[in-house]
Structure formats: C-alpha cells, structure tokens
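# Structural overview for review
Spelled out from the first residue to the last, the chains are:
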Amino acid sequence: MTRSIRRQLRLLHAYVVTSLLVFIVLAAPAFRQPAKPQTFGDITAERGLTLRGREQDGKRLANAGIMFDQLGQDQTIGFDYAEEDGRRAAALKVWDRPDAPLSDLVEKLNAANAIEDKEKRDAAVARVRAEAPKPAQRVLVGKTRERAATVLLSDAEGRTRLALKVEADGTASIDFLDGDGKVVHRVEPGRTR
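Just so we're clear, the structure is a prediction, and the values are computed from it rather than from any experiment. (Residues numbered from 1 in each chain as written. Predicted model: local features only at pLDDT ≥ 70, side-chain atom pairs only at ≥ 80, totals over all residues. Heavy atoms only, no water.)

## Re the pairing of strand β3 (residues 75-84)
Side-chain direction in a regular strand flips from residue to residue, so the side chains alternate between the two faces of the sheet. Where strand β2 (residues 59-69) lies against β3, nine bridges are found, and the strand directions are antiparallel. The residue bridging Asp69 from the neighbouring strand is Gln75, located in β3. As defined by bridge partners, β3 adjoins strand β4 (residues 87-96) across eight bridges and the pair is classed as antiparallel. By the bridge assignment for β4, Tyr81 is matched with Ala90. (Pairing = 2+ DSSP bridges. Helix = DSSP H or I, 4+ residues; strand = E, 2+ residues; numbered from the N terminus.)

## Considerations on a nonpolar patch on the surface
On the surface, a cluster of nonpolar side chains totalling about 520 Å² of accessible area is made up of Ile5, Leu9, Leu12, Tyr15 and Val16. For Leu9, the location among the structural elements is in helix α1 (residues 2-31). (Patch = residues over 30% accessible without salt bridge, like charges linked within 9 Å, V, L, I, M, F, W, Y side chains within 5 Å. Areas by Shrake-Rupley, 256 points an atom, 1.4 Å probe, with all protein chains shown as cover. Salt bridge = Lys/Arg side-chain N within 4 Å of Asp/Glu carboxyl O.)

## Some thoughts on the layout of surface pockets
Of the volumes computed, that of the largest pocket is approximately 340 Å³. Pro98, Leu102, Leu105, Ala132 and Pro133 are the residues nearest the centre of the largest pocket, which is lined by 18 residues in total. Of all the elements in the fold, those that place two or more residues in the lining of the largest pocket are α2 (102-113) and α3 (118-131). It is α2 that provides the largest number of residues to the lining of the largest pocket, a total of five residues. Classifying every residue of the lining of the largest pocket gives ten nonpolar, one polar and seven charged. (1 Å grid on protein atoms, 1.4 Å probe; cavity = no way out; pocket = protein on both sides within 12 Å on 5 of 7 lines; lining within 4 Å. Points joined across faces, edges and corners; volume = space filled by probe spheres on them. Nonpolar A, V, L, I, M, F, W, Y, C, P; charged D, E, K, R; others polar.)

## Considerations on the environment of Arg54
The topology assignment puts Arg54 in strand β1 (residues 49-56). When near neighbours in sequence (up to four residues on either side) are disregarded, Arg54 contacts Lys59, Arg60 and Leu61. In terms of polar contacts, Arg54 uses its side chain to reach the side chain of Gln56, at 3.5 Å. (Contact = heavy atoms within 4.5 Å. Polar contact = N/O pair within 3.5 Å; in protein donor to acceptor, adjacent residues only side chain to side chain.)

## Observations concerning α3
With 14 residues, α3 extends 20 Å between its outermost C-alpha atoms, agreeing within 8% with the 20 Å of an ideal straight helix rising 1.5 Å per residue. Of the residues making up α3, those classed as buried are Ala124, Val125 and Val128. Along the long axis of α3, the arc covered by the buried residues comes to 100°, so they all point the same way. When the buried face of α3 is taken as reference, the exposed residues oriented beyond 90 degrees from it are Glu119 and Ala130. Against the buried residues of α3 lie α2. Among the residues of α3, the N-terminal cap falls to Asp117, whose side-chain oxygen and the backbone nitrogen of Glu119 are separated by 3.4 Å. (Expected span 1.5 Å × (residues − 1). Buried < 20%, exposed > 50% of the residue type's maximum accessible area, 1.4 Å probe, protein only. Arc of directions from axis to C-beta.)

## What to know about the side chain of Gln73
Within the secondary structure, Gln73 sits in the loop between β2 and β3. What makes Gln73 buried here is its relative accessible area of 8%. Engagement of the side chain of Gln73 in a polar contact is seen with the backbone oxygen of Ala100, the distance being 2.6 Å.

## Let's talk about unusual backbone geometry
The phi dihedral of Asp57 falls on the positive side, at around 55°, and the residue is not glycine. By the element assignment, Asp57 lies in the loop between β1 and β2. With a relative accessible area of 75%, Asp57 lands in the exposed category. The residue Asp85 is not glycine, and still its phi comes out positive at about 55°.

## Looking at a positive patch on the surface
Taken together, Arg3, Arg6, Arg7 and Arg10 make up a surface patch of like positive charges. Position of Arg6 relative to the elements: it lies in helix α1. Taking relative accessible area as the criterion, Arg6 reaches 53% and is therefore assigned exposed. (Lys, Arg positive; Asp, Glu negative; His and termini not counted. Charge placed at Lys NZ, Arg CZ, Asp CG, Glu CD.)

Shown next as structure tokens:
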C-alpha cells in the first residue's frame, strides 16, 4: 500500500509541477512591460470617426471627431475637438441636412468631373455645387479656442441668431443677432443694450 501511495504522490507532484509551468506560461504576458502604443495617422469608420495629432518642434496640432450621419446624407450630429499652438476648442454640433440623398450630389459631381474639357468641367462642377442644397449648422455647444463656454443657435441658413457666452474671465453675455450677424440686443449682468 505504501508503494501505491508513493506512486500517487509522484503523480500528484508531476501534476502540480506541470500545472504550475502552464500557469506561468499563460500568466507571464500579463506581467511584461507593455509595448509602445501603436499610432495611426487616420482612422476612419464609414466617415464617422477621425483622429489626427502630431507634435513637431514643440508645437501640438490635433483634431478629432465622431460624427453621426443622417440616413442617406452627411453628418447631422457630431463631437469635434481641435488644438493648435496650445489653443483648444471642443463642441457638440448639430446640422440641418437637405432631404435629397447625398448620393444624388455625388452622381452629379462624378458626371461633371468626367467632362474632358477643363473649362467645361470646371464650369459644370461649379454649377452642381451652386445648385446643391446647402446644409446649415444649427447648434453648437462647446468651448472656443479663447476658452469661452459657448452656445450658438442658428437659423435654417446657418446664420447665428442667439449666442450665449461665458468668457474665460467669467464675463457672461447673451447676444441676439440679425441675419447679417450684427448684435441687435445684448444682455449682460447689470446692463442691457
């Protein structure tokens, strides 16, 4: 019976050593120093995500965005970030897009670009672009490069008509603008115009 026990102990010992070796092999990668992160110039996913950034001569230049397209059209809502020379802006933006599918515009532009004569091609491309329904940015909620917290509300033509701002120094204002961008009424703490 002692031989049987010794044999079982040896088998148990072999099992433990083998299990320990397998565990070490499987667990070792978790304790290694991670490799340098990979960097990519652009990552694009169906025009919905863009990332760019670089640092050169001590200057930073970056932008990023994630956009959500309207069905059959371009972006209708998005998050945008930009940085240049230490000045950063970030915002949520909302666009009003035409009902016509974007593919209609692309087909017309492709047909215009297929014209061999350069003058006629340029004129046709310009005509297609001029006749295309224009999108309008209607809402912007974010922070400007000047560090002002801003809410801009625009009309169907994309002209800002109401601007709420809190400057970096804490100065707050509400501006009502006409179609030409001129302030027609301003509300500030303790003062109206």
